[in-house]
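Coordinate analysis (summary)
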Amino acid sequence: MTERYDAVVIGAGHNGLVAAVTLAEAGYHVLVVEAASEAGGALRSAELTRPGYVHDVFATNLNLFLGSAFYASRRGALERHGFEVAASTRPYASAFPDGTALGVTTDRDETLAELGAASPGDAAGWRELDALFDRLSPVLFRTYAARAPSWELARVGLGALRSAGPSGTVALGRLLLSSCRELVDEYLVTDKAKALIAPWGLHLDFGPDVAGGAVFPFLEAFADQRGGMAVAKGGARTLVDALVGVLRAHGGELRTATRVTRVSVRDGRAVGVELDTGERVTAARAVVAGVTPTSLAGDLLGPADLPGPSRRALTTYRYGPGTMMLHLSLSAPVPWAAGERLASFAYVHLAPYVDDLARAYADALAGRLPAEPLLVVGQTSAVDPTRVPDGGHMLWVQVRPLPATAPTRRRGGWDDAAPRYAERVMRKLERYAPGIGELVTGMAVLSPADLERQNANLVGGDSLSGSMHLRQNFLLRPAWGMSGYRTPVRDLWMIGASTWPGGGLNAVSGYQAAQRILRRGRRPR
Ligand SMILES: Cc1cc2nc3c(=O)[nH]c(=O)nc-3n(C[C@H](O)[C@H](O)[C@H](O)COP(=O)(O)OP(=O)(O)OC[C@H]3O[C@@H](n4cnc5c(N)ncnc54)[C@H](O)[C@@H]3O)c2cc1C
């Protein structure tokens, strides 16, 4: 039997759910089909190490989601379905091998005093960057949230040029083209101060010397200084449950543990999907694919469905380096050599310096295991103590950047290499927090291969579902002509981290695509 819906959404990542909610609210009969056993994609939480310790398995920092237009307009509904925010006023810090650390808090004067105590030049440079953020961030954030191309984007661009004047336009242009090393070298003096900003580039695939790599770390560093950092109280799962709750309240349906194997195309138009159960589902109005470009072109569409140039553009889409996750439960806070205060920051970056980031990035690209990978040490229970039993603590440790395939003698790839590489990570942690090993009461390791097994969109463990370098960013993400979420197949839309504005819990593509579908007037019958 063929089931009939107005729209079928492939993938219950947050973008898929956001699209489904937006369409269902407008009266569409929507089905979301998810390959994994639960919804959420790279947004999930689970008791990975011990009962009562709720770890965010993948993403944890919700700042992008909380800044989204979708959240602004659905906040009440999500809260009614159980979503709450836990926020930290101490968003990030970096620790150094000499037992010192630098931290950024939402109290700008506190941050400046800390920087200035070590180097007055750093405090002055930080102040200048802060002023640059005030000047440029409104246009950059509006660009980020807009569909590309669109009239809104053109208006944002023209307005920005008019108000910024020639000097502001030059500043913006320089920022957009700079590498992160160029930015921090221009404004900051010491290696330690530079190490506060540059690690943010490697949250995407911007090694410190990649052109165009300055803008994200700059925005993240100073936006967090203003807003702190937020996670979902009780675990990321609460946000997923709230999205699914809102969807169901509007008559939408979710089917998990079911893979879409084919988009059905008739006369150049998407008319439904085929499932791995052998069933067919009809979509009268739209098929919204939250998958990667390579999967869409290589698996879900037949050669006859997609014109040659578009097929080539999608199948040659590139992925960035991989990521590994270590989840730890601890019997006490991290015994940082730099002192107790550091245990209260949401993230602590350990690389430590810009040169270390550059070496790790080069190693990952060359297929080697970095000797000194960047550790993003998320102290989740310091931000949200409700996730652990009394007296318990947890860490969310992201290890980046890593090659998609681990070089091993026995050719076992990451399945062989992950346990030993996790030991290397623990040794690095031990150098900055002597004695931490004795506090560990549970550990779960997810290699890049595990990430991809759990979510096919995380190709090679790439947490962003595609390199964010300029060649496939903005109007080129995922490919020229498809940044507005339409594909060459009529009524087939593509959303998710592989589309503009890229990876992260930004909720932009799902929301923008759904609004476009609704604007086109293909209302439900
Ligand atoms: C380890 C890790 C840490 C991260 N940390 C952060 C963070 O702290 N903050 C942040 O903002 N971002 C973070 N990110 C990035 C962010 O989580 C992702 O960019 C974002 O979740 C992407 O959302 P999405 O909806 O586009 O797709 P995804 O969340 O990737 O979901 C896609 C879904 O589609 C499903 N799917 C794919 N193919 C099919 C098919 N054929 N049939 C059915 N279902 C299919 C998949 O199973 C998956 O559930 C992190 C990512 C990872 C991996």
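This one's a predicted model, so the numbers in the text were calculated from it and none came from an experiment.

Calculation rules
- Residues numbered from 1 in each chain as written.
- Predicted model: local features only at pLDDT ≥ 70, side-chain atom pairs only at ≥ 80, totals over all residues.
- Heavy atoms only, no water.
- Pairing = 2+ DSSP bridges.
- Helix = DSSP H or I, 4+ residues; strand = E, 2+ residues; numbered from the N terminus.
- Axes fitted to C-alpha atoms, helices over the stretch in contact; angles between N-to-C directions.
- Buried < 20%, exposed > 50% of the residue type's maximum accessible area, 1.4 Å probe, protein only.
- Near = heavy atom within 4 Å.
- Polar contact = N/O pair within 3.5 Å; in protein donor to acceptor, adjacent residues only side chain to side chain.
- Areas by Shrake-Rupley, 256 points an atom, 1.4 Å probe, with all protein chains shown as cover.
- Nonpolar A, V, L, I, M, F, W, Y, C, P; charged D, E, K, R; others polar.
- Core = buried A, V, L, I, M, F, W, Y, C linked by side-chain atoms within 4.5 Å.
- Domains from an automatic or database assignment.
- Contact = heavy atoms within 4.5 Å.

**Some details on the sheet that holds strand β6 (residues 92-95)**
- In space, the 7 strands of this open sheet follow the order β7-β6-β14-β15-β16-β13-β17, with mixed pairing throughout. Strands with a single pairing partner mark the edges of an open sheet, and in this sheet they are β7 (101-104) and β17 (440-446). For this sheet, the mean angle separating the axes of adjacent strands, direction not counted, is 20 degrees.
- Note that β6 and β7 share 4 bridges and pair antiparallel. From the neighbouring strand, Ser94 faces β7, where its bridge partner is Leu102.

**A few points about unusual backbone geometry**
- Along the chain, Ala351 connects to Pro352 via a cis peptide bond; the corresponding omega equals 0 degrees.
- Along the chain, the position of Pro352 falls in the loop between β14 (347-350) and α13 (354-365).
- Positive phi values are uncommon outside glycine, yet Ala257 reaches one of about 55 degrees.
- Within the fold, Ala257 resides in the loop between β9 (253-255) and β10 (260-266).
- In the Ramachandran plot, Phe474 falls in the positive-phi region, its phi being about 55 degrees despite a non-glycine side chain.
- Overall, Phe474 belongs to the partly exposed group, its relative accessible area being 31%.

**Details of the site of the ligand**
- Neighbouring the ligand are 33 residues, the closest being Asn15, Glu34, Ala42, Gly504 and Leu505.
- At a separation of 3.1 Å, an oxygen atom of the ligand approaches a polar backbone atom of His14.
- Between the ligand and Val260, the relevant distance is 3.0 Å, taken from a nitrogen atom to a main-chain nitrogen or oxygen of the residue.
- If the ligand stood free it would expose 1000 Å²; the protein chains cover 95% of that surface.
- Of the residues belonging to the shell around the ligand, the class tally is 14 nonpolar, 17 polar and 2 charged.

**A short note on the nonpolar core**
- Counting residues in hydrophobic clusters, the biggest one holds 61 residues, and the most contacted among them are Trp126, Ile197 and Phe218.
- Of the domains in this structure, domain 1 (3-85 + 235-317 + 465-519) and domain 2 (106-227) are the two that each give at least three residues to this core.
- Once residues lying within four places of it in the same chain are set aside, the contact partners of Ile197 are Trp126, Leu129, Cys180, Val184, Leu188, Pro217, Phe218, Ala221 and Phe222.
- Membership of the second largest hydrophobic core comes to 49 residues, among which are Leu17, Val244, Ile495 and Ala507.

**A few points about the environment of Gly272**
- Note on placement: Gly272 falls in strand β11 (residues 269-275).
- Judged by relative accessible area, Gly272 falls into the buried class, the value being 1%.
- Put simply, Gly272 and Ala154 are 118 residues apart on the chain and 34 Å apart in space, counted from C-alpha to C-alpha.
- Dropping the residues within four chain positions of it, Gly272 is found in contact with Arg262, Val263, Ser264, Val281, Thr282, Ala283 and Val287.

Geometric descriptors of this kind do not, in isolation, establish any biological role.
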